[in-house]
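Chain by chain, the residues run as shown.
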Amino acid sequence: MEPPSNRTWFLRKHDDGSVFGPLSFEQLAIWASTAQVAPHDSLSIDQQSWIKAPMLPQLGMDWVVEVTSEHYYGPTTLGAIQEFVRLGEINEETFIINTCNGTRCQLQEIPALLVEIPSVRTIEEFAETETPGEPAASGISIRLQQRIRDLEETLREERRALTEAEQRYAELDGKYQELAQREPT
């Protein structure tokens, strides 16, 4: 089997189905390291068979960002994590998990991730020489907005349940008081 670096690739964005390519593996790897390849995006060499981007080990999408204790983003690359730091979507206290060995640490424990490392060839240079278009960078903020909506909905449901429980308590307390008054002392 031919190594991924010797093949041309196509990237299909999960969000809108747009396809980019043909791409060199080098360009695909740079896009993955700049958060332009999201965990649900698909890759193909023939536009017939598609795999999820993290399934191509050579991209290094081996990291999961713990956005909240219940919400995770990834797998993604260390470069994408640097991009999320640069955009202010995560900070040095954010936890990340290596999916290869299961280690969990805060970004501050890996200082190199908090310093932006320039690429050898930028995406703009690739866009000028190889393809006219490029995918937009993926962001965690969309997922945070969905998480906020989910939490707001959960809060509404909990408030409704609390109101029902208070009403039921009032009914039961009323019955208790009624029965207590009937009892001879």
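Refer to the structure printed above.
Just so you know, these numbers come straight off a predicted model, no measurement behind them. (Residues numbered from 1 in each chain as written. Predicted model: local features only at pLDDT ≥ 70, side-chain atom pairs only at ≥ 80, totals over all residues. Heavy atoms only, no water.)

### Focus: the pattern of salt bridges
Phase 1 of the analysis: Going through the model one piece at a time under the given rule, you end up with 7 salt bridges.
Phase 2 of the analysis: Of the charged contacts in the structure, one is a salt bridge between E178 and R182, with a shortest N-O distance of 2.6 Å. Taken together, the residues E178 and R182, both in helix 4 (residues 141-182) and 4 residues apart, mark about one turn of the helix.
Phase 3 of the analysis: According to the relative accessible area criterion, E178 is partly exposed, its value standing at 43%. (Salt bridge = Lys/Arg side-chain N within 4 Å of Asp/Glu carboxyl O. Helix = DSSP H or I, 4+ residues; strand = E, 2+ residues; numbered from the N terminus. Buried < 20%, exposed > 50% of the residue type's maximum accessible area, 1.4 Å probe, protein only.)

### Topic: the side chain of S44
Phase 1 of the analysis: Looking at the secondary structure, you find S44 in strand 3 (residues 42-44).
Phase 2 of the analysis: The class of S44 is buried, set by a relative accessible area of 1%.
Phase 3 of the analysis: Within the local environment of S44, its side chain forms a polar contact with the backbone oxygen of S49, the two atoms lying 2.8 Å apart.
Phase 4 of the analysis: For S44, the contacting residues outside a window of four places in its chain are T8, W9, F10, S49 and W50. (Polar contact = N/O pair within 3.5 Å; in protein donor to acceptor, adjacent residues only side chain to side chain. Contact = heavy atoms within 4.5 Å.)

### Overview of the packing of aromatic side chains
Phase 1 of the analysis: Evaluation of the coordinates by the stated rule reveals 2 aromatic pairs.
Phase 2 of the analysis: Arranged with centres 6.0 Å apart and planes meeting at 85°, the rings of F20 and W31 form a pair that is edge-to-face. Residue F20 is located in strand 2 (residues 19-24), and its partner W31 is located in helix 1 (residues 25-33); the two are separated by 11 residues in the primary sequence. For the residue pair F20 and W31, the accessibility class agrees, reading buried in each case.
Phase 3 of the analysis: Positioned above the aromatic ring of F95 is the side chain of R104, whose terminal nitrogen or guanidinium carbon lies 3.7 Å from the ring centre. (Phe/Tyr/Trp six-rings, centres within 6.5 Å; stacked < 30°, edge-to-face > 60°. Lys NZ or Arg CZ within 6 Å of the ring centre and 35° of its normal.)

### Some points on the sheet that holds strand 8 (residues 104-106)
Phase 1 of the analysis: Sheet architecture is open: 4 strands sit in the order 6-5-7-8, paired in antiparallel fashion. Sheet topology places strand 6 (72-76) and strand 8 at the edges, where each strand pairs with a single neighbour. Between one strand axis and the next, the sheet turns by 25° as a mean value, whatever way the strands run.
Phase 2 of the analysis: Relative to strand 7 (residues 95-98), strand 5 (residues 63-66) runs antiparallel, the two sharing 4 bridges. Bridge pairing links V64 to I97 in strand 7.
Phase 3 of the analysis: Its contacts with the sheet place helix 2 (residues 78-86) against strand 5, strand 6 and strand 7, and it is angled at close to 135° to strand 6. (Pairing = 2+ DSSP bridges. Axes fitted to C-alpha atoms, helices over the stretch in contact; angles between N-to-C directions.)

### Overview of the side chain of T76
Phase 1 of the analysis: Secondary-structure assignment places T76 in strand 6.
Phase 2 of the analysis: Looking at T76, the relative accessible area reads 0%, which means it is buried.
Phase 3 of the analysis: Excluding its chain neighbours within four sequence positions, the residues that come into contact with T76 are G60, M61, D62, W63, V65 and I81.

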